[in-house]
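Notes for the structure review
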Amino acid sequence: MTQVLLLLFPESKQTLPGKQLEGIWHTSIVVHKDEFFFGSSGISSCTPGGTLLGPPDSVVDVGNTEVTEEIFLEYLSSLGESLFRGEAYNLFEHNCNTFSNEVAQFLTGRKIPSYITDLPSEVLSTPFGQALRPFLDSIQIQPPGGNSVGRPNGQS
């Protein structure tokens with residue numbers, strides 16, 4: 001059995017008109033001694049805490065997995081060629097948290113906490129969120145410091 005961890009990095013704590021947000025989270029999954037995350041460059045990996053975001057704000061134990069590293073890397077490669085290509089990234093609807101949730105379920109059968117996955121709809125439910133949506137939809141996020149996963153020589 002291999003432990004699966006969810007790393008949470010606060011992008012920021014925000015107050016939107018009419019709504020206090022605990023944080024806007026970047027998440028990643030640690031399994032088989034590496035950290036895996038999704039951004040506008042696709043799926044990437046690094047040593048745990050190896051992005052320029054530094055150490056996580058908190059760590060959630062998602063559970064244990066019996067999925068071998070070989071099977072997991074094949075799964076990631078498949079995701080990188082289909083659902084989680086860099087051009088599929090969208091800050092609200094298909095982001096690092098979507099990826100972490102998908103991978104956590106594959107590895108352990110458990111979802112990541114809903115306060116993370118529900119955040120985009122909470123933001124968009126505010127008038128301020130709706131007014132900012134065109135700008136926010138154009139934002140591409142890729143934490144620096146990772147290596148591409150699932151593409152030969154890191155090619156897109």
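Looking at an unreviewed UniProt entry, the protein carries the name palmitoyl-protein hydrolase, with the source organism given as Mus caroli. According to the UniProt record, the Catalytic activity (unreviewed entry) comment for the protein reads "S-hexadecanoyl-L-cysteinyl-[protein] + H2O = L-cysteinyl-[protein] + hexadecanoate + H(+)". The Sequence similarities (unreviewed entry) comment attached to the protein in UniProt states, word for word, "Belongs to the DeSI family."

Now for the overall build of the protein. Each helix and strand counted, the protein has 5 helices and 6 strands in total. For the protein, the α and β elements follow one another from N to C terminus as β-β-β-β-β-α-α-α-α-α-β. Each of the 156 residues in the protein was classed as buried or not, and the buried ones make up 43%. Contacts spanning at least 24 positions in sequence make up 70% of the contacts within the protein whose residues lie at least 6 apart. A total accessible area of about 8000 Å² is found for the protein, and carbon and sulfur atoms account for 52% of it.

A separate point is the pattern of salt bridges. Applying the stated rule across the entire model yields 1 salt bridge. Across the pair Glu-87 and Arg-85 runs a salt bridge, and its minimum N-O distance is 2.8 Å. Overall, the relative accessible area of 63% leaves Glu-87 in the exposed class.

The tally for this structure, following the rule as stated, stands at 8 aromatic pairs. A centroid spacing of 6.5 Å and a plane angle of 75° characterise the contact between Trp-25 and Tyr-115, whose relative ring orientation is edge-to-face. With Trp-25 in strand E2 (residues 19–31) and Tyr-115 in helix H3 (residues 114–117), this pair connects stretches of sequence that are 90 residues apart. By relative accessible area, which is 43% here, Tyr-115 ends up partly exposed. For the pair Phe-84 and Phe-99, a centre-to-centre distance of 5.4 Å together with 80° between the ring planes defines the contact as edge-to-face. In this pair, Phe-84 is assigned in the loop between helix H1 (69–81) and helix H2 (96–108) and Phe-99 in helix H2, connecting sequence segments 15 residues apart. Given a relative accessible area of 1%, Phe-84 falls into the buried group. Taking relative accessible area as the criterion, Phe-99 reaches 0% and is therefore assigned buried.

Another aspect to go through is the nonpolar core. Of all hydrophobic cores here, the largest spans 29 residues; its most connected members are Phe-72, Leu-76, Phe-99 and Val-103. Within the residue set of this core, elements represented by two or more residues are strand E1 (2–16), E2, strand E3 (34–39), H1, H2 and helix H4 (119–124). Not counting residues up to four positions away in its chain, the partners in contact with Phe-72 are Val-31, His-32, Phe-36, Val-67, Val-103, Phe-106 and Leu-107.

Another aspect to go through is the pairing of strand E4 (residues 42–46). Counting buried residues along E4, 5 of its 5 residues qualify, which places the element largely inside the surrounding structure. Two elements, E3 and E4, share 5 bridges in a ladder whose sense is antiparallel. The residue of E4 that forms the bridge with Gly-39 is Gly-42. The hairpin turn running from E3 into E4, its antiparallel successor, is 2 residues long.

Procedures and definitions
- Every chain is numbered independently, its residues counted from 1 as its sequence is written.
- Residue-level local features of this predicted model are given only where pLDDT is at least 70; pairs of side-chain atoms are given and counted only at 80 or more, and the full residue set underlies all totals for whole chains, interfaces and linings.
- Excluding hydrogens and water, the side-chain values take into account all heavy atoms of the structure.
- UniProt positions are given in the numbering used here, feature names are shortened, and annotations may be inferred rather than shown by experiment.
- Strands here are runs of E lasting at least two residues and helices are runs of H or I lasting at least four, both read from the DSSP assignment and numbered beginning at the N terminus.
- For the exposure calls, accessible area comes from a 1.4 Å probe over protein chains only, and a residue counts as buried if that area is under 20% of its type's maximum, exposed if over 50%, partly exposed in between.
- What makes two residues a contact is simply this: any of their non-hydrogen atoms within 4.5 Å.
- Under the convention used here, a 1.4 Å probe and the Shrake-Rupley method define accessible areas, while residue burial counts only the protein chains that appear.
- Throughout this description, the term salt bridge denotes a Lys or Arg side-chain nitrogen within 4 Å of a carboxyl oxygen of Asp or Glu.
- Aromatic contacts are taken between Phe, Tyr and Trp rings whose centres are within 6.5 Å, Trp giving its six-membered ring; a plane angle under 30 degrees counts as stacked, one over 60 as edge-to-face, and the others as tilted.
- Buried residues of nine kinds, namely Ala, Val, Leu, Ile, Met, Phe, Trp, Tyr and Cys, make up a nonpolar core once their side-chain atoms join them within 4.5 Å.
- Strands qualify as paired when DSSP identifies two bridges or more between them.

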